[in-house]
Amino acid sequence: MYKEVLRSIEGVGIFPSISLLLFFGFFVGLVIYLIKKKKSYWDEAAQLPLSDDNTNFNGQTS
């Protein structure tokens, strides 16, 4: 039943392509964002499970 309804809509075939492009763009953007983070950020994040103080990523205590 749903297949027949979707087949009757003009231009419905473009939606899977748009969805793929949106997902791919988000994924590439996220990878670029993570690569651009400085090494000091990742060093601090790696030490968080080992630290006893309440220091967040910005170096501020909460």
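Our structure is the block above this text.
Predicted model only: the values in this text are computed from it and were never measured.

Draft legend 1. Region of interest: the overall build of the protein chain. When you go through the protein chain residue by residue, the secondary structure sums to 3 helices and 0 strands. Tracing the protein chain from N to C terminus, the helices and strands come up as α-α-α. Counting all 62 residues of the protein chain, 0% fall into the buried class.

Draft legend 2. Structural context of a nonpolar patch on the surface. The grouping of F23, F24, F27, V28, V31, I32 and I35 at the surface amounts to a nonpolar patch, some 690 Å² of accessible area in total. Along the chain, V31 turns up in helix α2 (residues 14–36). Judged by relative accessible area, V31 falls into the partly exposed class, the value being 33%.

Draft legend 3. Quick peek at the pattern of salt bridges. Per the stated rule, a full pass over the model turns up 1 salt bridge. Put simply, K39 and D43 hold a salt bridge, and the shortest N to O gap is 3.3 Å. Of this pair, K39 and D43 both sit in helix α3 (residues 39–47), 4 residues apart, which is roughly one turn of the helix. Judged by relative accessible area, which is 61%, K39 ranks as exposed.

Draft legend 4. Main features of the packing of aromatic side chains. Applying the stated criterion across every chain yields a total of 2 aromatic pairs. Each ring, one from F23 and one from F27, has its centre 6.3 Å from the other, and the planes form 20°; the classification is stacked. One end of the pair is F23 and the other is F27, both in helix α2 and 4 residues apart, which spans about a single turn. Arranged with centres 5.0 Å apart and planes meeting at 85°, the rings of Y41 and W42 form a pair that is edge-to-face. For Y41, a relative accessible area of 25% gives the class partly exposed. Over the face of the ring belonging to Y41 we find K37, whose NZ or CZ atom lies 4.4 Å from the ring centre.

Definitions and limits used
Residues numbered from 1 in each chain as written. Predicted model: local features only at pLDDT ≥ 70, side-chain atom pairs only at ≥ 80, totals over all residues. Heavy atoms only, no water. Helix = DSSP H or I, 4+ residues; strand = E, 2+ residues; numbered from the N terminus. Buried < 20%, exposed > 50% of the residue type's maximum accessible area, 1.4 Å probe, protein only. Patch = residues over 30% accessible without salt bridge, like charges linked within 9 Å, V, L, I, M, F, W, Y side chains within 5 Å. Areas by Shrake-Rupley, 256 points an atom, 1.4 Å probe, with all protein chains shown as cover. Salt bridge = Lys/Arg side-chain N within 4 Å of Asp/Glu carboxyl O. Phe/Tyr/Trp six-rings, centres within 6.5 Å; stacked < 30°, edge-to-face > 60°. Lys NZ or Arg CZ within 6 Å of the ring centre and 35° of its normal.

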